[in-house]
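# What the coordinates show
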Amino acid sequence: MANSEKHPWTREEFEAQLRGMERYYHIHHPYHTLMNEGKLTKGQIQGWVANRYYYQVSIPRKDANILANCPDRETRAKWIQRIMDHDGHPGDPGGIEAWIQLGMAVGLTREEITSEQHVLPGVRFAVDAYVNFARQAEWHEAASSSLTELFAPKIHQQRLDNWPEHYPWIDKDGYAYFRKRLTEARRDVEHGLEITLDWYKTREQQDRMIKILQFKLDVLWSMADAMYMAYINGMPPYFNVGA
């Protein structure tokens with residue numbers, strides 16, 4: 001049966017389908033499994049933090065693209081909070097600064113982190129693909145791609161629960177980012193779900209949204225793949241090419 005002939009999911013069924021995509025979330029990637037079990041070395045933790053920094057600094061650019069394409073004033077008034085959450089504003093240095101503090105807590109220097117010198121090509125390509133999608137896509141689609149936030153509180157809570165025991169050498173002040181995102185992500189999910197459940201009405205549209213969410217999950221998984229190859233398998237780009 002063609003998508004156009006399928007009955008659309010109810011609002012509740014559609015949300016259940018979206019939440020069911022958690023099985024593809026990078027919390028299940030071997031890199032994150034090892035991290036959660038306390039089996040990563042200091043260098044492997046540092047590699048992850050350094051590479052995820054590129055994702056952190058790209059999120060406000062992604063959100064700015066969504067705002068630029070969004071004609072709805074009410075939506076923009078809510079969505080702009082995401083940029084302030086990451087970039088900071090008076091009274092709050094923001095999530096990017098909190099991530100830099102995490103990097104310093106795991107033994108990196110501020111310069112190492114902000115210079116992006118450790119960012120792997122695979123990570124850069126994946127993140128750039130996400131930003132470019134947000135730039136070019138219809139704004140509802142770009143906004144709904146952020147719904148991997150449905151699954152984020154669980155992974156942040158795991159780190160808060162497990163890292164102090166598994167990685168006692170990490171300065172506790174570095175965990176501020178994870179605590180910060182526990183509340184921010186839940187707030188963002190509420191708004192993102194509202195936009196998504198209101199916009200995708202036909203089954204064809206709903207199936208399209210599942211593919212969009214899969215794309216975002218692919219971005220996160222591909223980032224972890226690149227890091228696994230470089231830091232677990234010891235095969236960074238051009239490892240077999242002589243000087």
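Residues numbered from 1 in each chain as written. Predicted model: local features only at pLDDT ≥ 70, side-chain atom pairs only at ≥ 80, totals over all residues. Heavy atoms only, no water.

### A word on the packing of helix H9 (residues 152-166) against helix H10 (residues 176-199)
It is at 9 Å that the axes of H9 and H10 come closest, and there the two elements cross at 155 degrees. Judged by the inter-axis angle, H9 sits roughly antiparallel to H10. Where H9 crosses over H10, the two elements pack in a sense that is left-handed. Here Ala152, Pro153, His156, Gln157, Arg159, Leu160 and Trp163 of H9 lie close against H10, whose contacting residues are Tyr177, Phe178, Arg179, Arg181, Leu182, Ala185 and Arg186. In the contact of H9 with H10, the residues fall into eight nonpolar, two polar and four charged. (Axes fitted to C-alpha atoms, helices over the stretch in contact; angles between N-to-C directions. Helix = DSSP H or I, 4+ residues; strand = E, 2+ residues; numbered from the N terminus. Parallel < 35°, antiparallel > 145°, perpendicular 65-115°, else oblique. Left-handed = near helix turned anticlockwise from the far one by under 90°. Contact = heavy atoms within 4.5 Å. Nonpolar A, V, L, I, M, F, W, Y, C, P; charged D, E, K, R; others polar.)

### Notes on the side chain of Thr75
Checked against the element boundaries, Thr75 lands in helix H4 (residues 73-87). Residue class for Thr75 comes out buried when judged on its relative accessible area of 11%. In this view, Thr75 contacts Cys70, Trp139, His191 and Ile195; residues no more than four positions away in its chain are not counted. (Buried < 20%, exposed > 50% of the residue type's maximum accessible area, 1.4 Å probe, protein only.)

### A few points about unusual backbone geometry
Even without being a glycine, Glu116 presents a positive backbone phi close to 60 degrees. Mapping Glu116 onto the fold places it in the loop between helix H6 (110-114) and helix H7 (121-136). You will see that Tyr238, though not glycine, has its phi angle at about 70 degrees, which is positive. Along the polypeptide, Tyr238 turns up in the segment after helix H11 (203-232).

### A short note on the pattern of salt bridges
What the rule picks out here adds up to 16 salt bridges. Note that Glu184 and Lys180 form a salt bridge whose closest N and O atoms lie 2.9 Å from each other. Linking Glu184 with Lys180, this pair stays in helix H10, spanning four residues, or about one helical turn. Given a relative accessible area of 8%, Glu184 falls into the buried group. (Salt bridge = Lys/Arg side-chain N within 4 Å of Asp/Glu carboxyl O.)

### Examining the packing of aromatic side chains
Evaluated as defined, the whole model comprises 14 aromatic pairs. Residues Trp9 and Phe14 carry aromatic rings whose centres are separated by 6.1 Å and whose planes lie at 20 degrees to one another, so their mutual orientation is stacked. In this pair, the class of Trp9 matches that of Phe14, namely buried. Pairing Tyr167 with Trp169 gives two aromatic rings, centres 6.3 Å apart and planes at 75 degrees, and the pair type is edge-to-face. Residue class for Trp169 comes out partly exposed when judged on its relative accessible area of 34%. In this structure an aromatic cluster arises from ring pairing among Trp48, Trp99, Trp163, Tyr167, Trp169, Tyr175, Tyr177 and Phe178. Over the ring of Tyr54 we find Arg124, and its NZ or CZ is 4.6 Å from the ring centre. For Arg203, the ring lying beneath its charged end belongs to Trp9, and the centroid distance is 4.0 Å. (Phe/Tyr/Trp six-rings, centres within 6.5 Å; stacked < 30°, edge-to-face > 60°. Lys NZ or Arg CZ within 6 Å of the ring centre and 35° of its normal.)

### Observations regarding the layout of surface pockets
Its boundaries defined by the atoms lining it, the largest pocket holds a volume of some 150 Å³. As for the largest pocket, its lining consists of Asp72, Glu74, Thr75, Lys78, Trp139, His140, His191, Glu194, Ile195 and Asp198. Looking at the lining of the largest pocket, the elements with two or more residues in it are H4, helix H8 (139-144) and H10. In terms of residue count, the dominant contributor to the lining of the largest pocket is H10 (four residues). (1 Å grid on protein atoms, 1.4 Å probe; cavity = no way out; pocket = protein on both sides within 12 Å on 5 of 7 lines; lining within 4 Å. Points joined across faces, edges and corners; volume = space filled by probe spheres on them.)

### Section: a nonpolar patch on the surface
Together, Met229, Met235 and Phe239 give the surface a local cluster of nonpolar side chains, amounting to about 260 Å² of exposed area. Mapped onto the elements, Met229 comes out in helix H11. By relative accessible area, which is 37% here, Met229 ends up partly exposed. (Patch = residues over 30% accessible without salt bridge, like charges linked within 9 Å, V, L, I, M, F, W, Y side chains within 5 Å. Areas by Shrake-Rupley, 256 points an atom, 1.4 Å probe, with all protein chains shown as cover.)

### Digging into the environment of Ser145
The topology assignment puts Ser145 in the loop between H8 and H9. Spatially, the C-alpha atoms of Ser145 and Ala230 are 27 Å apart, while their sequence positions differ by 85 residues. Residues within four places of Ser145 in sequence aside, it is in contact with Tyr130, Phe133, Ile212 and Lys216. A distance of 2.6 Å separates the side chain of Ser145 from the backbone oxygen of Ala142, its partner in a polar contact. (Polar contact = N/O pair within 3.5 Å; in protein donor to acceptor, adjacent residues only side chain to side chain.)

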